[in-house]
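Spelled out, the chains give:
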Amino acid sequence: MNTGILAYGVALPKYRIEAQEIWRVWKNISPHFFDMLSIGERGVLGPEEDTLTLANEAARQALGRSGLEPQKIGAVVLGSGTSPYATKAAATVLIDTLGLPASALTADVQCADKSGSTALWMVAAMIEAGLIEYGLVVAADTINRHTAPGMIVEYVASAAAVAFILGKEQPIARLEAYATHNHDQNDYFRTEGERYIQAGAGFYGWVANWGLLDHVVPAGQALFAQTGLTPADFAKFAVPQKTGVRPLMTMGKLGLDVMQVLPYVLTHQIGDCGAAGVPLSLAHILDFAEPGERIGVLDYGAGAGCDAWSLVCTEAISERRPQSGLVIEQLEDKIMVDYATMLKFEQKMIQSPHRLSNFY
Amino acid sequence: MPSIRDVVMNLPNIFKAEKAKGWNRVILLDLGGEEPSKWTLTIQDGVLTVEEGQTKPPKLIITGNSEHIVQMFTGEVPPMKLVNAKLIKMQGPMMDAIAFSGLWNIPKKEEKNT
């Protein structure tokens, strides 16, 4: 393939809450699980923050880093399971906020946590087919806004957005191969009209990860079979990271090495960022990647499927590596809040989650 | 057997810097046994620095007897054997504890004998 990532951008909520602070209120899990599951802090939305504002911020950073004229973007696809809109595409808002052309194909893609990954490959296919020259893909989610107070997942429910500018001209990483495995399974879901996500199989223990293994293992094996590559051919992997257990299970079942995976798991610092989780790990990898490194991506969408893909860094990454706004810098740039502030900011003490403002 | 000071001060020489890019952590060795001491290991931007005492708030705390840490880093006893026997304990995120074990070029026992 000639298509690749020209630039990427990341947006994280600045507010964070410690798992211990949530535990102080609920005491609904043994705190011993925190170290075992690598639970530490998670993102809290600001009063005016949602999936779209995070997506906009990440996309703005990606466009700025690419140096590309916004008018050259031929497709804008937002991958999210927590769009603020039930019917219309939220991505159309990005057309307006970023000054992108109305002629760009615009859509939302919803496929749980792998929404962004799936969106990326749909846009890559359009570029590869010659339909468009450049595309903008944003993976964004606000799992925290859609997690009920007192639910165990509250300890990790977080938010983030990661944007990618795709094209063929001097990418920093060239997309290489893609495999996917999809079938319906009763993992995390949210039905029409519901605000809060439900856990179909619980939070911890083997059963809680059955969907993960049933999708990630065949997808990963399909990628290796299709390309003839083995795990040893990869420098690093971005893997599912709702909790620290998922990377370990993925690693163990696919035969990946500890140091190919664990340094790029950010669960303890930011929690579960939904559709932005694996892309965030990929962005963290790209922040420090070297030319020639092959990176594997295993993006699991709860109960939906898994996309497995590979990309290879080019010489251009040495020159165009981001100099500021790195993922670790954004992780360290934070304001800690208490439980009550989190409830207020995430609009969990009022009826409608769709109010335009907190101020009227 | 080398002293704990010799072993800890040698850690930058067996540190896999390329594996630690973007993995910034502060790790405390809080040791008892024959040579009770505390050591702060700071990994920042792929560089490991070692300081005696507790100089920063750690994210991962490793406790045990100094002689077991010496055995671990000199390859006398595999790290997992020491952890499983609870001779070395790690307090902090499990993923960090596992990743920590992968950061070192620890000589294998067979290599030492050749």
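Only a predicted model underlies this, so the values are computations on that prediction, with no experimental measurement involved.

## Overview of the environment of A:Pro263
In this fold, A:Pro263 is placed in the loop between α8 (258–261) and α9 (267–270). With residues up to four places along the chain from it excluded, the contact list for A:Pro263 reads B:Lys19, B:Ala20, B:Gly22, B:Trp23 and B:Ala99.

## A few points about the pairing of strand β4 (residues 73–79) of chain A
All names here are of chain A. Counting buried positions along β4 yields seven of seven residues, so the element is predominantly enclosed. Here β4 pairs with strand β6 (residues 134–142) via six bridges, running parallel. For Val76, the partnering residue across the bridge sits in β6 and is Leu136. Sheet analysis places β4 next to strand β5 (residues 105–109), joined by five bridges and oriented parallel. By the bridge assignment for β5, Val77 is matched with Ala107. Taking the sense of rotation as the criterion, the β-α-β connection linking β4, helix α4 (residues 91–98) and β5 turns out right-handed.

## With respect to helix α5 (residues 115–128) of chain A
Residue and element names in this part refer to chain A. Taking 1.5 Å as the rise per residue, α5 with 14 residues should run 20 Å; its terminal C-alpha atoms sit 20 Å apart, in good agreement. Most of α5 sits inside the fold, with ten of its 14 residues counted as buried. For α5, the full list of buried residues reads Ser115, Gly116, Ser117, Thr118, Ala119, Leu120, Trp121, Val123, Ala124 and Ile127. Once α5 ends, the next one or two residues include Gly130, with phi positive near 85°.

## Quick word on the domain arrangement of chain A
All names here are of chain A. Taken domain by domain, chain A holds domain 1 (4–171 + 337–345) and domain 2 (173–317). For domain 1 and domain 2, the distance between their C-alpha centroids amounts to 16 Å. Residue-level contacts link 45 residues of domain 1 with 45 residues of domain 2. If you list the elements that add at least two residues to the side of domain 1 that touches domain 2, you get β1 (4–11), β3 (41–44), α5, β6 and β7 (159–167). Of all the elements, α5 adds the most residues to the side of domain 1 that touches domain 2, at six residues. Its residues placed into classes, the side of domain 1 that touches domain 2 shows 24 nonpolar, 16 polar and five charged.

## As for the interface of chain B and chain A
Residue-level contacts link 14 residues of chain B with 16 residues of chain A. Considering each element in turn, the side of chain B that touches chain A owes the most residues, four residues, to helix α5 (residues 94–101) of chain B. A per-class count over the side of chain B that touches chain A returns seven nonpolar, five polar and two charged.

## Describing the sheet that holds β6(A)
Residue and element names in this part refer to chain A. One open sheet accounts for nine strands, arranged β5-β4-β6-β7-β1-β8-β11-β10-β9; its pairing is mixed. Two strands lie at the open edges of the sheet, namely β5 and β9 (236–238), each paired on one side alone. Here the strands of the sheet are splayed against their neighbours by 25° on average, with no regard to which way each runs.

## Considerations on the sheet that holds strand β3 (residues 47–52) of chain B
Residues and elements named next belong to chain B. Spatially, the five strands line up as an open sheet ordered β3-β2-β1-β4-β5, and their pairing is mixed. Every interior strand has two partners, whereas the edge strands, β3 and β5 (88–91), have only one. Each adjacent strand pair in this sheet contributes to an overall mean axis angle of 20°, direction not counted. For strand β4 (residues 60–65) and β5, the ladder comprises four bridges, and the chain directions are antiparallel. Its bridge partner being in β5, Thr63 is matched across the sheet by Lys89. Along the sheet, α5 makes contact with β1 (25–32), β4 and β5, crossing β4 at roughly 60°.

## Quick look at the nonpolar core
Residue and element names in this part refer to chain A. Residues Ala58, Val138, Ala160, Ala161, Val162 and Ala163 are the most contacted members of the largest nonpolar core, which totals 139 residues. Here the element with the most residues in this core is β7; it accounts for eight residues. When we break this core down by domain, the ones giving at least three residues each are domain 1 (4–171 + 337–345) and domain 2 (173–317). Apart from residues no more than four positions distant in its own chain, Ala58 is found in contact with Gly9, Val10, Ala11, Val138, Ala140, Ala161, Val162 and Ala163.

Rules and cut-offs
Along each chain, numbering runs from 1 in the same order as the chain's sequence is written. Labels are handed out in written order, letters beginning with A for the chains and numbers beginning with 1 for the ligands. Local features in a predicted model are, by the rule used here, given only for residues with pLDDT of at least 70; side-chain atom pairs are given and counted only at 80 or more, and totals for whole chains, interfaces and linings are based on all residues. Where helices and strands are cited, they refer to DSSP runs of H or I of at least four residues and of E of at least two residues respectively, numbered from the N terminus. A residue pair is marked as a contact if its C-beta atoms, positioned from the backbone, fall within 7 Å. Three classes are used. A residue is buried when 20 or more other C-beta atoms lie within 10 Å of its own, exposed when 12 or fewer do, and partly exposed in between, with C-beta atoms placed from the backbone. DSSP-based pairing: two strands are paired if at least 2 bridges between them are found. With its strands directed away from the observer, a crossover is right-handed exactly when the path from the first strand over the helix to the second travels clockwise. Each residue after the first adds 1.5 Å to the expected span of a helix. By convention here, the domain bounds are inherited from an automatic or database domain assignment. We call Asp, Glu, Lys and Arg charged. Ala, Val, Leu, Ile, Met, Phe, Trp, Tyr, Cys and Pro are nonpolar, and the rest, Gly among them, are polar. Axes here refer to lines fitted to C-alpha atoms; in helices the fit is confined to the stretch in contact. Angles between the N-to-C directions go from 0 to 180 degrees. A set of buried Ala, Val, Leu, Ile, Met, Phe, Trp, Tyr and Cys residues, joined through C-beta atoms within 7 Å, is what we mean by a nonpolar core.

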